[in-house]
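# Chain and residue survey
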2 protein chains.
Amino acid sequence: MNFLENFELFGNVEKAQNFIETIKSGRFLFSFVISYTETCEVPGITFAGADKNSIQFTPPADAEYLHYGYCKTIDDIPMTPDGKPTPGLLTKTALESASIPHLTINAGSKISPQLPFIETGLSFGKNISTQDAMTDSQVSHAVDYGRIVGRSMASLTDCLIIGESIPGGTTTALAVLRSLGFDAKVSSSIPNNPVELKNQIVNSALERIDSDHPYSIIAKVGDPMIPFVAGMLSSASDVSKVMLAGGTQMTAVLAFASKIGFNEENTAIGTTSYITNDDSANFKNLVKEISDIPTISVNPGLKNSQYSGLRAFSEGFAKEGVGAGGSIISSMLKTGNDSAKFLEMAEKEYHRLFTSL
Amino acid sequence: MNFLENFELFGNVEKAQNFIETIKSGRFLFSFVISYTETCEVPGITFAGADKNSIQFTPPADAEYLHYGYCKTIDDIPMTPDGKPTPGLLTKTALESASIPHLTINAGSKISPQLPFIETGLSFGKNISTQDAMTDSQVSHAVDYGRIVGRSMASLTDCLIIGESIPGGTTTALAVLRSLGFDAKVSSSIPNNPVELKNQIVNSALERIDSDHPYSIIAKVGDPMIPFVAGMLSSASDVSKVMLAGGTQMTAVLAFASKIGFNEENTAIGTTSYITNDDSANFKNLVKEISDIPTISVNPGLKNSQYSGLRAFSEGFAKEGVGAGGSIISSMLKTGNDSAKFLEMAEKEYHRLFTSL
């Protein structure tokens, strides 16, 4: 089949085609990085959880759902306040349909998942609207451990897919992008992107910046996921192909990674069309501005779903997360499935979840 | 080259030859399981550490040495009281010479290693001479998490090598073997195997056994490593070849694994000739009694070393540990190196360590 029918390519299209050609017959490994920033506790900043208290359980619960098909730290799977499911539903459908193995990495989650996971000793990030996210030495620790984990994972596969779950992460990503000099407009898990609120938080965070050293910038206005995944990318991209699976957060990772160095020839961003078509953000141009790596975008075709909970993704809820886009792209490359087939499987999983709950 | 020149095969020799044929051109992954039993605090029971207090640091320090080439939780590498180096030196030489990737798994170590590792939430085992090692539910947890980790690791390789580090582990292994009905004589890290002391501890432990349920036996007289590695074996052997890299402890793993089920066709034990030639133990016959899997034994040729610290292994110190034997076998299969070449590399590493210390 012609894979390109399923995907839109942005940036360096030739690189995108080469990337796809190289990995389509190879082995994939999905690494799921869970983290936390207290910035998500600012009211109205995220929908990644049914209520304020449950947000902290979303990353470990997503990891448990990917592995077990249900959660252990909470009763149901992670949802928006009005019951729309986690994008992890898309990730799980994608990984299972293609038998792509996955590992969970705890890079500063407030709660540990109830399954075996890779421990990094990182603590969660502080609320950047009121204080520094972490110390410079915590940033170094995150980069160093990210490099170790990235090298190990990459030595076990041909294409390392990196997804993340960090509620409130688009706000810290915006702060990092702006302090690194990029005129970013970022996406949100909320249809009416709370741009004003994000900008207030980011502006007060940026006032604390007193050095243009990238580590210091991450320490003051970032979160633990950004330096850890950047470290993973910098070592893994020397060994294997790397697909950064995500939207806004991965542009912040890319911006910081371009300061510490990584192999552009082995790197691509894989995301959903809900991100690349988001007019409240400038994702495609932002990636181009930061680095000469391609963006591969997939339309999961959820707007055709019989379930409102799945159509919601195409209507601006969540849009991306838990590495959904990159996982769908990888599963389509491995199985040859198209969007119609993916929708069919996602609806089956949705039905399983919402009749069994 | 003819690999069999380097190895002695015991048990089902035809299975051993098939095992070697299947894996020699494949991918290897070394998983290093670190754990702890307070049984090692009984004076005179182990040499796995320079003194009583430092024994608890040996498993994490071995993990750090394998990864960094030096330790972080202690100053030097793990040694016997009189300065003989950890068998991890042999493992590191083997894995590096063959570029075999490795992952550290914390299955009840008292101290966490200072590197990224797979966390299982297991606590260390209690001293079986005075109390139960753990609860039945901790045993179930160890088996369940072992199964999860084993399946993940096996899906990333063709041959999963499993090594362990648990000071005092030969004593808990002896207790498990005897309670499961095997007339075991086990090896020791000490040349004059403290058989009497081990038997005293085992006898008092066996008095607490009030059920022949395997989980209950492990809970009363075992340690966390045994059920965890048995769980790994049971799931991994369905997916890939598995080489249990070790001596006495691995016979206890095998005895318990044969109760919970595993695929004999995909399993072998890989160890050193210092174990298979140990007259104070009955390793070869014990393996045959327990299960119809082959034993592959390698002579690392250390008796020809110019360094007394390396010759010591051939004189009965340590003998095995940190998966040394299975790692050497795997590295020889992957690189085609023989014992002479291995000795040369091990001496280089020994020289690096003891001139840099």
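Residues numbered from 1 in each chain as written. Chains lettered and ligands numbered in written order. Predicted model: local features only at pLDDT ≥ 70, side-chain atom pairs only at ≥ 80, totals over all residues. Heavy atoms only, no water.

## Description of the packing of aromatic side chains
All names here are of chain A. By the definition in use, this model includes 12 aromatic pairs over all chains. Look at F30 and F32: their rings are 6.2 Å apart centre to centre, the planes differ by 15 degrees, and that puts the pair in the stacked class. Here F30 matches F32 in class, with each residue buried. Grouping aromatic residues by their ring pairs yields a cluster made of Y307, Y350 and F354. (Phe/Tyr/Trp six-rings, centres within 6.5 Å; stacked < 30°, edge-to-face > 60°. Buried < 20%, exposed > 50% of the residue type's maximum accessible area, 1.4 Å probe, protein only.)

## Structural notes on helix α2 (residues 58-68) of chain A
Residues and elements named next belong to chain A. The element α2 is extensively covered by neighbouring structure, given that nine of its 11 residues are classed as buried. Every buried residue of α2 is accounted for by T58, P59, P60, A61, D62, A63, E64, Y65 and L66. Phi for G69, located one or two positions after α2, is positive at around 90 degrees. (Helix = DSSP H or I, 4+ residues; strand = E, 2+ residues; numbered from the N terminus.)

## Examining the relation of the copies chain A and chain B
Rotating chain A by 180 degrees about the axis while translating it 0.0 Å along that axis superimposes it on chain B, leaving an RMSD of 0.0 Å. The superposition operator between the copies reduces to a two-fold rotation axis. Measuring from the rotation axis to each C-alpha of chain A, the shortest distance belongs to I118(A), at 2.1 Å. A share of 100% of the interface residues of chain A reappears at the interface of chain B, consistent with the copies meeting face to face through the same patch. (Least-squares fit on C-alpha atoms with pLDDT ≥ 70 in both. Contact = heavy atoms within 4.5 Å.)

## As for the pairing of strand β3 (residues 102-106) of chain B
All names here are of chain B. In terms of residue burial, β3 counts as a mostly covered element, since five of its five residues are buried. What you see with β3 is no split at all: H102, T104 and N106 on one side and L103 and I105 on the other are buried throughout. With five bridges connecting them, strand β2 (residues 28-34) and β3 associate as parallel partners. Within β3, the position partnered with V33 by the bridge is I105. Where β3 and strand β4 (residues 117-119) come together, two bridges link them in parallel fashion. Residue N106 lies in a different strand from β4, and its bridge partner there is E119. (Pairing = 2+ DSSP bridges.)

## Remarks on the interface of chain A and chain B
Contacts between the two partners involve 20 residues from chain A and, on the opposite side, 20 residues from chain B. Across the chain A-chain B interface, the total number found is zero salt bridges. For the pair chain A and chain B, the interface holds six residue pairs in polar contact (both at pLDDT 80 or more). At the level of elements, α2, β3 (102-106), β4 (117-119) and α4 (136-154) of chain A are the ones that each hand at least two residues to the side of chain A that touches chain B. Among the elements that line the side of chain A that touches chain B, the one with the most residues is α4(A), at five residues. Of the strand pairs in this sheet, β4(A) and β4(B) are connected by three bridges, and their pairing is antiparallel. Bridge assignment links I118(A) to a residue of β4(B), and that residue is I118(B). (Salt bridge = Lys/Arg side-chain N within 4 Å of Asp/Glu carboxyl O. Polar contact = N/O pair within 3.5 Å; in protein donor to acceptor, adjacent residues only side chain to side chain.)

## Section: the environment of S204(A)
By the secondary structure assignment, S204(A) is in helix α6 (residues 195-206). According to the relative accessible area criterion, S204(A) is partly exposed, its value standing at 24%.

## A word on the environment of S297(B)
All names here are of chain B. Positionally, S297 belongs in strand β8 (residues 295-298). The buried category is assigned to S297, whose relative accessible area is 2%. In the structure, S297 is positioned 32 residues away from I329 in sequence and 7.8 Å away in space, judged by C-alpha atoms. Apart from residues no more than four positions distant in its own chain, S297 is found in contact with N6, F7, E8, F10, T271, T272, S273, T276 and I329. Here the side chain of S297 touches T276 through a polar contact of 2.8 Å, side chain to side chain.

## What to know about helix α7 (residues 214-221) of chain A
The element α7(A) is extensively covered by neighbouring structure, given that eight of its eight residues are classed as buried. For α7(A), every residue scored as buried is listed here: P214(A), Y215(A), S216(A), I217(A), I218(A), A219(A), K220(A) and V221(A).

## As for the confidence of the model for chain A
Low-confidence regions, as indicated by low pLDDT, have predicted coordinates that should not be scrutinised in detail. When pLDDT is averaged across chain A, the result is 94; 97% of the residues are at 70 or more. Complex prediction metrics read pTM 0.95 and ipTM 0.93. (pLDDT = per-residue confidence, 0-100.)

## Describing the side chain of S305(A)
All names here are of chain A. By the secondary structure assignment, S305 is in the loop between β8 (295-298) and α12 (308-314). Residue S305 is classed as buried on the basis of its relative accessible area, which comes to 5%. Only 2.7 Å separates the side chain of S305 from the side chain of E347, close enough to count as a polar contact. In this structure, S305 is in contact with L310, R311, L343 and E347, ignoring residues within four places of it in sequence.

## Some details on unusual backbone geometry
All names here are of chain A. One non-glycine residue, V322, adopts positive backbone phi at about 55 degrees. Here V322 is to be found in the loop between α12 and α13 (324-335). Residue classification places V322 among the buried positions, given a relative accessible area of 3%.

## Considering the packing of helix α5 (residues 169-179) of chain B against helix α7 (residues 214-221) of chain B
Residues and elements named next belong to chain B. Between α5 and α7, the least distance of the axes is 9 Å, while the angle of their chain directions is 150 degrees. In this view, α5 runs roughly antiparallel relative to α7, as classed from their interaxial angle. The element α5 and its partner α7 pack so that their crossing is right-handed. Facing α5, whose interface residues are T172, A175, V176 and S179, α7 presents I217, I218 and V221. The class makeup of the residues in the contact of α5 with α7 is five nonpolar, two polar and no charged. (Axes fitted to C-alpha atoms, helices over the stretch in contact; angles between N-to-C directions. Parallel < 35°, antiparallel > 145°, perpendicular 65-115°, else oblique. Left-handed = near helix turned anticlockwise from the far one by under 90°. Nonpolar A, V, L, I, M, F, W, Y, C, P; charged D, E, K, R; others polar.)

## What about the pattern of salt bridges?
In the structure shown here, the tally under the stated rule is 24 salt bridges over all chains. Through salt bridges with shared partners, a single network forms among K15(A), E265(A) and D292(A).

## Observations concerning the packing of helix α8 (residues 225-236) of chain A against helix α9 (residues 248-260) of chain A
All names here are of chain A. Remark: α8 packs on α9, axes separated minimally by 8 Å, with the N-to-C direction vectors making an angle of 60 degrees. When the axes of α8 and α9 are compared, the pair comes out oblique. Considering how the two elements wind past one another, α8 and α9 form a crossing that is right-handed. On α9, the residues touching M225, I226, P227, V229, A230, G231, L233 and S234 of α8 are Q249, M250, A252, V253, L254, F256, A257 and I260.

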